[in-house]
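Observations on the three-dimensional arrangement
Okay, here's what each chain looks like letter by letter:
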Amino acid sequence: MENIRRISAERTIALGLDVDLARSTVVAIDVATGSIEFEGHVAHTEQAWRKVLKRFPDAALWACYEAGNRGFGLCRMLRRMGVDCQIVAPSAMPKSPVHKQTKNDRRDALALAQLYFNRPRSFVRVPTEQEEADRQLMRTRIQLVNDKVRVMNRIKSFLNNYGFQPPVGKGKATWSKAFRDWLKSFDTGHPGLRTALDAKLRQLDFLEEEIRRITAEITALSRTEAYHDRCQRLCRIRGVGTLTAMAFLLEVYRPHEFSTAEKLASHLGLTQCEYSSGGKVRRGHITHWGPSHLRRLLVEAAWIWVSKDENARQRYASIRFGKERKRAIVAMARRLAIAMWAMTVKEQDYDYHWVKAPQAA
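Rules used in this analysis
Residues numbered from 1 in each chain as written. Predicted model: local features only at pLDDT ≥ 70, side-chain atom pairs only at ≥ 80, totals over all residues. Heavy atoms only, no water. Helix = DSSP H or I, 4+ residues; strand = E, 2+ residues; numbered from the N terminus. Buried < 20%, exposed > 50% of the residue type's maximum accessible area, 1.4 Å probe, protein only. Salt bridge = Lys/Arg side-chain N within 4 Å of Asp/Glu carboxyl O. Phe/Tyr/Trp six-rings, centres within 6.5 Å; stacked < 30°, edge-to-face > 60°. Polar contact = N/O pair within 3.5 Å; in protein donor to acceptor, adjacent residues only side chain to side chain. Contact = heavy atoms within 4.5 Å. pLDDT = per-residue confidence, 0-100. Pairing = 2+ DSSP bridges. Axes fitted to C-alpha atoms, helices over the stretch in contact; angles between N-to-C directions. Parallel < 35°, antiparallel > 145°, perpendicular 65-115°, else oblique. Nonpolar A, V, L, I, M, F, W, Y, C, P; charged D, E, K, R; others polar.

1. Some thoughts on the environment of Gly 40
Structurally, the position occupied by Gly 40 is in strand 3 (residues 36–43). Taking the relative accessible area as the measure of exposure, Gly 40 reaches 13% and is therefore buried. Remark: the alpha-carbon pair of Gly 40 and Val 27, spanning 13 residues in sequence, is separated by 6.9 Å.

2. As for the pattern of salt bridges
Enumeration according to the criterion identifies 21 salt bridges in this entry. In this structure, Arg 76 engages Glu 132 in a salt bridge whose closest nitrogen and oxygen atoms are separated by 2.6 Å. Of the two residues, Arg 76 sits in helix 2 (residues 73–80) while Glu 132 sits in helix 5 (residues 129–161), which places them 56 residues apart along the sequence. Of the residues examined, Arg 76 reaches a relative accessible area of 14% and is grouped as buried. Relative accessible area serves as the criterion here: at 25%, Glu 132 is assigned to the partly exposed category. Note that Glu 210 and Arg 213 form a salt bridge whose closest N and O atoms lie 2.7 Å from each other. Remark: Arg 213 and Glu 210 occur in helix 7 (residues 191–222); sequence separation between them is three residues, near one turn of the helix. One salt-bridge network, in which partners are shared between bridges, spans Arg 125, Glu 131, Arg 254 and Glu 257.

3. Considering the packing of aromatic side chains
Two measures describe an aromatic ring pair: the distance that separates the ring centres and the angle between the ring planes. Tallying each qualifying case throughout the model produces eleven aromatic pairs. Judged by centre distance (6.2 Å) and plane angle (25°), the rings of Tyr 162 and Phe 164 are stacked. Taking 6.1 Å as the distance between ring centres and 65° as the angle between the ring planes, the aromatic pair formed by Trp 303 and Tyr 316 counts as edge-to-face. Residue Trp 303 is located in helix 11 (residues 292–308), and its partner Tyr 316 is located in helix 12 (residues 310–320); the two are separated by 13 residues in the primary sequence. Overall, the relative accessible area of 30% leaves Trp 303 in the partly exposed class. Taking relative accessible area as the criterion, Tyr 316 reaches 9% and is therefore assigned buried. Members of the aromatic cluster, joined through ring pairs, are Phe 158, Tyr 162, Phe 164, Trp 175, Phe 179, Trp 182 and Phe 186.

4. Observations concerning the side chain of Glu 37
By the secondary structure assignment, Glu 37 is in strand 3. A polar contact of 2.5 Å, which involves the side chain of Glu 37, links it to the side chain of Ser 35.

5. Looking at unusual backbone geometry
Negative phi characterises most residues that are not glycine, and trans characterises most peptide bonds. Despite not being glycine, Asp 58 has its phi angle at roughly 65°, a positive value. By secondary structure assignment, the location of Asp 58 is in the loop between helix 1 (46–53) and strand 4 (60–66). Look at Asp 58 and you get exposed, because its relative accessible area is 66%. Backbone geometry places His 288, a non-glycine residue, at a positive phi of 60°. The residue His 288 is located in the loop between strand 7 (283–286) and helix 11 in this model.

6. Quick notes on the environment of Ala 312
One can find Ala 312 in helix 12. Of the residues examined, Ala 312 reaches a relative accessible area of 0% and is grouped as buried. Apart from the residues within four sequence positions on either side, Ala 312 is in contact with Trp 305, Val 306, Met 332 and Tyr 352.

7. So, the confidence of the model for the protein chain
Overall, the prediction assigns the protein chain a mean pLDDT of 89, with 92% of residues at 70 or greater. The spread of mean pLDDT over the elements of the protein chain runs between helix 3 (residues 97–101), the lowest at 68, and helix 7, the highest at 97. Across residues 1–8 the pLDDT falls below 50, and counting only partners more than four positions away or on other chains, this stretch makes 25 contacts in the model. Ignoring residues within four places in sequence, the model shows residues 357–361, a span with pLDDT below 50, making twelve contacts including any to other chains.

8. A short note on the pairing of strand 3
Sheet topology note: the strand 2 (residues 23–30)/strand 3 ladder contains seven bridges and is antiparallel. By the bridge assignment, Ser 24 is partnered in strand 3 with Val 42. In textbook terms, the turn of a hairpin is the stretch between consecutive antiparallel strands, and for strand 2 and strand 3 this stretch comprises five residues, one of which, Gly 34, has a positive phi near 80°.

9. A closer look at the sheet that holds strand 3
Taken in spatial order, the five strands line up as 3-2-1-4-5 in an open sheet, and their pairing is mixed. The sheet terminates laterally at strand 3 and strand 5 (84–88), the two strands that pair on one side only. If you compare each strand with its neighbour and ignore which way they point, the axes differ by 20° on average. Relative to strand 4, strand 1 (residues 12–19) runs parallel, the two sharing six bridges.

10. Some words on the packing of helix 11 against helix 13 (residues 325–346)
Between helix 11 and helix 13, the least distance of the axes is 8 Å, while the angle of their chain directions is 95°. Viewed along their axes, helix 11 and helix 13 adopt a mutual orientation that is roughly perpendicular. Contacts between helix 11 and helix 13 involve Leu 298, Val 299, Ala 301, Ala 302, Trp 303, Trp 305 and Val 306 from the first element and Arg 325, Ile 329, Val 330, Met 332, Ala 333, Arg 335, Leu 336, Ala 337 and Met 340 from the second. Residues that form the contact of helix 11 with helix 13 fall into these classes: 14 nonpolar, no polar and two charged.

Dropping the structure here:
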């Protein structure tokens, strides 16, 4: 059922959108009175949305929906139409016992509209179409690498299940050329097993070729005007290569939007969880928010950074004292990310004092 009362000028309307593949369930709230001014379903087309927005002439419009399978297209469209649209992470939505007992599209849309009054710490950053397209290259490569690891594990399981062991010196642990040659030529004893193994090997070859192709595309992208100077600057840090630098630039697009190092670390999931109460401070593992592949690349780069940079090695040694080795290297990965952020924002070469800054501790 729809409420079609028109809204007078100089009002603010908060729109909550529960989005699915075909349409959005929309609830509109008058911010001044808290009353519901509109309820209905809207298709994901500009024409349908213009028809709805005509109900609110001259009113300031704010909208919010959860990140999901509709991506950023709906948000960009609404912003072009003059709506201050935000996207919220599902984990940032407030939860209540009532919500667990009664859940429907209207209630979800109402909760999203009410975020205007009780906003989360941050909304999802919305990239431009070009930024999103560039970032998809890196994310596609990560997906292909993950698929490759799965196929390699299937091949290992295949060998273990049927008791096939490579001759000594074939380098099974490192997937050497000798080991691969043996995989393609040894006698399985049954034609069906040989066919099954060959299918897995062809899949592995295909994924490796696609990874090489995507890697070449990312390398070419790093040489374009938009990324060349920043990528070259970041690669001057020992341990940071083109892939790590580009992953950072593609995930931390518009780095100047992070006003402090702590906000950057939080965005990357490199801050500790805290469970403090009654004067007792308890901190646990990192939050793991944000892009997991960038955290993994930062940790790998941090190991090389620590081994080749004397200042970083000393800092790692001081952190590791009394702590586990892995926890210490994650702390160094956090410091490496902060140094990369500072270099990008300041447009200056690497300076170790950024790692030791109080806000980056």
